[in-house]
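# Coordinate inspection notes
In case you want the letters, here they are:
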Amino acid sequence: MATRLVQINMKAHNDAALGRFWAQALGWGVDSEGPGVTNLEPVGFSYPDPAAVCIDIVAGPEPKTVKNRVHLDLATTSRAHQAELVARLEDLGATLADVGQGDVPWTVMADPEGNEFCVLEPRPLYQDTGPIAAVVVDCTDPREMARFWDQTMDWTLHEVTDDHASMRSAHGVGPYLEFLRTPGTKSVWNRVHLDISPYPGDDLHREETRLRALGATDPGIDQSTIPWTVLADPEGNEFCLLTPR
């Protein structure tokens, strides 16, 4: 049994407005499951597919109070493309952000609801990922996070060091999932989190049991009214185990 990363979940005060921003930023299409839920995926995409990690934006009243521990890195093909993308994102409502990055070749920005993301300088590693180069998770121990997520999913582990770990779909397509050693620890419920799914025919409850044996924990919330399962990874980051599709 195994899972795969199918989407990231963002909380928003206005899911429709934030959905429009990210759809225009990525060149993706917008769909809606109903009031308070906006889905984004590439045009013509058939969910789920390893070629892309979709975005699910869900309305929530909680204010953003700290830097997100999960963010997106956007890919570019040249320095000119990077500058053009930054300018276009500012026109869409994004702002430049300072998270203590100092003098770096990438540009740190925040979307209209303050969620941080990076526009990377051109890097050969990300030339075929699509608009999202990587989903990045801040952590204190990249090696432990790599161990857990490598056993949780059937993605391929590409690099593991004390400061950074990365993995990608075994099909060699789509964005990377990266774990970056970062000062500080998790203090509030994550406004951006990972959603994973087993494969069709797999048993959801057996998969939950397997993930708990690997180190997943219960985040301590009432889950009686939802059809999916919310767990937390070894550093307390919430993630959802969705029904197989």
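In what follows, the structure referred to is the one given above.
Residues numbered from 1 in each chain as written. Predicted model: local features only at pLDDT ≥ 70, side-chain atom pairs only at ≥ 80, totals over all residues. Heavy atoms only, no water.

## Looking at the packing of helix α1 (residues 15-26) against helix α2 (residues 79-92)
Short version of the rule: Working convention: axes come from line fits to C-alpha atoms, limited for helices to the stretch in contact. Angles between N-to-C directions cover 0 to 180 degrees. The way it works is that DSSP assigns letters per residue, a run of H or I at least four long becomes a helix, a run of E at least two long becomes a strand, and they are numbered from the N terminus. What sets the label is the angle itself: under 35 degrees gives roughly parallel, over 145 gives roughly antiparallel, 65 to 115 gives roughly perpendicular, and the rest give oblique. The handedness criterion is simple: a crossing whose near helix is rotated anticlockwise from the far helix by less than a right angle is left-handed, and one whose near helix is rotated clockwise is right-handed. It only takes one pair of heavy atoms within 4.5 Å for two residues to be counted as in contact. Residues were grouped as follows: Ala, Val, Leu, Ile, Met, Phe, Trp, Tyr, Cys and Pro as nonpolar; Asp, Glu, Lys and Arg as charged; and all remaining residues, including Gly, as polar.
Orientation of α1 relative to α2, taken along the N-to-C sense of each, is 160°, at an axis distance of 10 Å. With respect to their mutual orientation, α1 and α2 come out roughly antiparallel. Seen from above, α1 lies across α2 with right-handed handedness. Of the residues in α2, those touching α1 at Phe21, Gln24 and Ala25 are Leu85, Arg88, Leu89 and Leu92. Of the residues belonging to the contact of α1 with α2, the class tally is five nonpolar, one polar and one charged.

## Here we look at unusual backbone geometry
Negative phi values dominate among residues other than glycine, just as trans dominates among peptide bonds. Cis geometry is found at the peptide bond from Tyr47 to Pro48, where omega equals -10°. Topologically, Pro48 is positioned in the loop between β3 (37-41) and β4 (54-59).

## Side note on the packing of aromatic side chains
Counted only if it meets this: Think of it this way: a Phe, Tyr or Trp ring, Trp meaning its six-membered ring, pairs with another when their centres are within 6.5 Å, and the plane angle makes it stacked under 30 degrees, edge-to-face over 60, tilted otherwise. By definition here, charges over rings are those cases where NZ of Lys or CZ of Arg is within 6 Å of the ring centre and within 35 degrees of the ring normal.
The tally for this structure, following the rule as stated, stands at seven aromatic pairs. One aromatic cluster is present, built from ring pairs that chain together Phe21, Trp22 and Phe117. Sitting over the face of the ring of Tyr199, Arg4 holds its NZ or CZ atom 4.1 Å from the ring centroid.

## Details of the sheet that holds strand β12 (residues 176-181)
Inclusion rule: Two strands form a pair only when DSSP identifies at least two bridges running between them.
Across the sheet, eight strands lie side by side as β6-β7-β8-β5-β9-β12-β11-β10; this open sheet has mixed pairing. Looking at strand neighbours, the two that pair on one side only are β6 (95-96) and β10 (156-160), the edges of this open sheet. With four bridges connecting them, β10 and strand β11 (residues 164-168) associate as antiparallel partners. Directly across from Val160, in β11, lies its bridge partner Ala165. Running at roughly 150° to β12, helix α3 (residues 142-152) makes contact with β9 (132-139), β10, β11 and β12 of the sheet.

## Digging into the environment of Val230
One can find Val230 in strand β14 (residues 229-232). The spatial distance from the C-alpha of Val230 to the C-alpha of Leu241 is 6.3 Å, given a sequence separation of eleven residues. In contact with Val230, not counting residues within four places along its chain, are Trp189, Pro219, Ile221, Gln223, Glu238, Phe239 and Cys240.

## Digging into the packing of α3 against helix α4 (residues 204-214)
With their axes 10 Å apart at the nearest point, α3 and α4 run at an angle of 160° to one another. The angle between α3 and α4 places the two elements in the roughly antiparallel class. Regarding α3 and α4, the two cross each other, and that crossing is right-handed. Contact with α3, carried on its side by Arg147, Phe148, Gln151 and Thr152, involves Glu207, Arg210, Leu211 and Leu214 of α4 and no other residues of that element. Of the residues contributing to the contact of α3 with α4, the split by class is three nonpolar, two polar and three charged.

## Some points on the sheet that holds strand β1 (residues 3-12)
Sheet architecture is open: seven strands sit in the order β2-β3-β4-β1-β13-β15-β14, paired in mixed fashion. Two strands bound the open sheet, and with one partner strand each, they are β2 (29-34) and β14. On average, each strand axis in the sheet is tilted by 30° relative to the strand beside it, whichever way the strands run. Both β1 and β4 contribute to a ladder of six bridges, which runs parallel. Each residue of the ladder has a partner; that of Asn9, found in β4, is Asp56.

## Regarding the pattern of salt bridges
Just so we agree on the cut-off: Any Lys or Arg side-chain nitrogen found within 4 Å of a carboxyl oxygen on Asp or Glu counts as a salt bridge.
According to the stated counting rule, one finds eleven salt bridges in the structure shown. The salt bridge partner of Arg168 is Asp128, with a shortest N-O separation of 3.1 Å. Taken together, the positions of Arg168 in strand β11 and Asp128 in the loop between β8 (116-119) and β9 put the pair 40 residues apart, joining distant regions of the chain.

## Here's the deal with α1
Spelled out, the test is: A helix is expected to reach a length of 1.5 Å times the quantity of its residues less one. Remark: exposure states derive from per-residue accessible area (1.4 Å probe, protein chains only) relative to the maximum for the residue type, with buried under 20%, exposed over 50%, and partly exposed in between. What qualifies as a polar contact is a pair of N or O atoms within 3.5 Å, subject to a donor-acceptor requirement within protein and to the restriction that residues adjacent in sequence count only when both atoms come from side chains.
The terminal C-alpha atoms of α1, which comprises twelve residues, lie 16 Å apart, in line with the 16 Å expected from a rise of 1.5 Å per residue. Within the sequence span of α1, burial applies to Asp15, Leu18, Gly19, Phe21, Trp22, Ala23, Ala25 and Leu26. Where α1 begins, the side chain of Asn14 points an oxygen toward the backbone nitrogen of Ala16, at a separation of 3.3 Å. Looking at the residues trailing α1, positive phi occurs at Gly27, about 75°.

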